[in-house]
Structure formats: structure tokens, C-alpha cells
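Structural description and commentary
This is what each chain is made of:
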Amino acid sequence: MTSRGDARQKIIPKSVNVPDIRSKIPAHLFEQNTFRSIGYLLRDFAQIAATAAAMYYLFLPIVAKLCGTGEDRSNLLAWPLLAFGWSVYWTVQGVNFTAVWILAHECGHRAFSSSLLVNDIFGLVLHSALLVPFHAWRITHGNHHKHTNHCDLDTVFVPIKMSEPLREAIGTAPIVSFVQVIVMLTLGWPGYLFANVASQKSYPKERQNHDKQWVNHFDPASPIFEPRDRADIIISNVFILIALVCIGYAISVFGFANVFFWYGVPYLHTNGWLVYITYLQHSDERIPHYNNDEFTFVRGALAAVDRDFGSWLNPWLHHIHDSHVVHHLFSTMPFFHAIEVTRKHLTPLVGEYYITEKRQGLWGMVWQSWRNCLYVVPSEGVAFYRR
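Here we summarise the structure given alongside this text. (Residues numbered from 1 in each chain as written. Predicted model: local features only at pLDDT ≥ 70, side-chain atom pairs only at ≥ 80, totals over all residues. Heavy atoms only, no water.)

Residues Met184, Trp189, Trp273, Tyr276, Phe309 and Leu317 are the most contacted members of the largest nonpolar core, which totals 47 residues. If you tally residues by element for this core, the top one is helix α8 (residues 256-282), at nine residues. Apart from residues no more than four positions distant in its own chain, tryptophan 189 is found in contact with Trp101, Val132, Trp137, Asn271, Leu274 and Val275. (Core = buried A, V, L, I, M, F, W, Y, C linked by side-chain atoms within 4.5 Å. Buried < 20%, exposed > 50% of the residue type's maximum accessible area, 1.4 Å probe, protein only. Helix = DSSP H or I, 4+ residues; strand = E, 2+ residues; numbered from the N terminus. Contact = heavy atoms within 4.5 Å.)

Here is the structure:
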């Protein structure tokens, strides 16, 4: 097992395949459990309700009693209290929303339930409520899993590619790096959905007539999809429109400010969490990218980092970040089994090829990767990040 400060990841032999690894893991850990998955979803819903109730029925009335309401809020304590309370609400509810997003992610991998219909229904409803085109994301995310860290075929956080190493390290002022990270966390997710940002810019030959087309996750004719995907993309778009109508109705009833404060800001937090988690899973100077000659599915699956976010966040976010290697090896395995496999079985099976991070804080991890993971040289075959 490789952790921060150790050498680069060892490269697993090409001969190792998924059945080799799977055969050494108890069969029951690959079984989906619809009722258990729904139980976790109900937990997330309860947390969302409790967070909103605590804000609405406890905190806001207390502030109103102490400081007055409406135009009477002349007490200088009111605004700092409100700023603090809303910041806590947005932070907590953002994590709650992200947890629901992750369960919809389970649906996209067919890990939520053994029933395809159940996965699609829950996935469509949950992701649409968070303005995610479920099937469009499911399709492109599936391509990411098939080609993880393949220099030319991966679809997530594709690195800058150079024909040869630069003679001098790229120097970027810390303030510039800071702004870049903030832009990534705020605009990265909508950029990916609407413009395929941070993904591949070339497409299969049969779709090359679309190269000048606006590439996005909503157009059924977008070159990131195949003709057979058309119906699913349209269904996703219909559900997004329904969600937007519901939001519009809520605005007409409660006002824009209320909807933005109670739903909009946590939604933006969720978008930031998604980008943050995904970036850290696949951006680290210890893990390689592969050209076509060196790539295998197992090599790509192991080219991920399990990150420890702490004893609170790990279960809160359904272990998506600290059992991600197992998730890439067996994407239909439910998360509650994936963390068990990670803790009990992964190290004996692929320990010397396994990368983890437990030593740095949330900001330290992203800062380390952003400053050190600048580009790769695909001609090297096994291409580690350079700076």
C-alpha cells in the first residue's frame, strides 16, 4: 500500500484480470440489496429534513426573538448570527444533498438494486432533483469506468498532454493556483455538463462529422453519445424540465430568495463536492495514466486514490472516496460492501499496487494535487504527472 511520501504506484502485470481478483472475495459481497439501499436513502432524507427543521423551527426563531424581525432588525448581532447560521445550514445541507447524489450514482452503476427498473426510477428522480441528467451522466460516467486513466479514452479530468517533458518546471503563483481551484469547484460541474470541460476533445471516427458541434450532456446527437442512447437522453431531459418547473413553481410561491437560500446554495455546495471528490480520486502524482499499449482495465481501476475524509464524512458520504478503488474494480458492488472489501480484502489482494491518503486535511489534499499534477507525456507509455 502506497501513501503520501512513498514512491510512485507499482504497475500491476497485464496478466492480472478482474476474475482473478473477484474469485478471492466472498460472493455475497457482490449482491445488491434494494431495501438496505432504500434504508440509507431514508437516512439521507431524514438528515435533510432535520437540518431544515433545525434552521426553520429553532435557529431562525431564536434570532428573531433576540434581534427582532423585518425592519426591526436594528440589533447589530442579527446579521452576524444569520450569516453564521445560514453558513452552517448550507454546509451541512450541501453534504446531505451530496449523499443523495451518491446514492443516485449507485443507481447509475446498477448497484442500488438488482432491478434495472428500480435503479432507473430512483436514479432519474434523485438526480433530476439535483438537476443532473441521469442517463446522460450514466453513459459518459460508464465510459470513464471502462477507460480510467487511459490517456486518449478516459472522460474525467483528462490531463494536459505534452509530446515530451518540459525542460523547466511550470511555475504558477500560489494565488493563481488558489483562484484556479475555486473556479474548478464552482464552475467545473456545470462546465462538464454543458461543454464537456475536462474531458476528451476527440471522438470515434463514426462521429467525427460532429466535431464542430456544441458537445454537451443534453443533446441526443452530441458525439459523446451513440444513436442507441437517444431515447435515454430525451427521458433525462424531460425529467430535468419537470424539476425546473417544480423549482419555478416554488419560486412563484415562496420567492426567489427563499428557494435560493434553502435549496440553491446547498445545490451549489453539492456541485463543488462532486468535483472535489472526483478530482482527488484521479489526480495524484503517485498514480499513472496509460497509453493504449500499456492500458488494461485492472491497471486503470487501480489508478485511483482512496482518500480518508475523517470519521464523520466517510460514512456521511457513503464511503465514495475511501473505497473508490474497489468501486472501479467492481462498479455494481453496493457501497456498503465496497467499504468492507476495502478494509478486509483489498490489501492482501493488490496491496502493493494500492494508493491511499490519510495524512492530509481536505484543503491540503486538493492543494497538493493541483500544484503537482500539471501534465503527462503519453509517449512514455506509463505516464506519471509532471509539473
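With that out of the way, let us pick up the packing of helix α6 (residues 174-195) against α8. It is the contact of α6 with α8, at a shortest axis distance of 8 Å, that shows an interaxial angle of 100 degrees. Here α6 is positioned roughly perpendicular relative to α8, judged by the angle of their axes. Contact residues: Met184, Leu185, Gly188 and Trp189 in α6; Asn271, Gly272, Leu274, Val275, Tyr276 and Tyr279 in α8. Looking at the contact of α6 with α8 residue by residue, the class counts come to seven nonpolar, three polar and no charged. (Axes fitted to C-alpha atoms, helices over the stretch in contact; angles between N-to-C directions. Parallel < 35°, antiparallel > 145°, perpendicular 65-115°, else oblique. Nonpolar A, V, L, I, M, F, W, Y, C, P; charged D, E, K, R; others polar.)

Time to look at the packing of helix α7 (residues 230-254) against α8. Axis separation between α7 and α8 bottoms out at 7 Å; the angle between their running directions is 125 degrees. The angle between the axes of α7 and α8 places the two elements in the oblique class. Taken together, the residues of α8 that come into contact with α7 (itself represented by Ile247, Ala250, Ile251 and Phe254) are Phe256, Asn258, Val259 and Tyr263. Class assignment of the residues belonging to the contact of α7 with α8 gives a composition of seven nonpolar, one polar and no charged.

With that out of the way, let us pick up the pattern of salt bridges. Applying the stated rule across the entire model yields 12 salt bridges. Its salt-bridge partner being glutamate 294, residue arginine 299 comes within 3.0 Å of it at the nearest N-O pair. In this structure glutamate 294 comes out as partly exposed when scored by relative accessible area, which is 27%. Several salt bridges share partner residues, and in doing so they unite Asp284, Arg286, Arg307 and Glu357 into one network. (Salt bridge = Lys/Arg side-chain N within 4 Å of Asp/Glu carboxyl O.)

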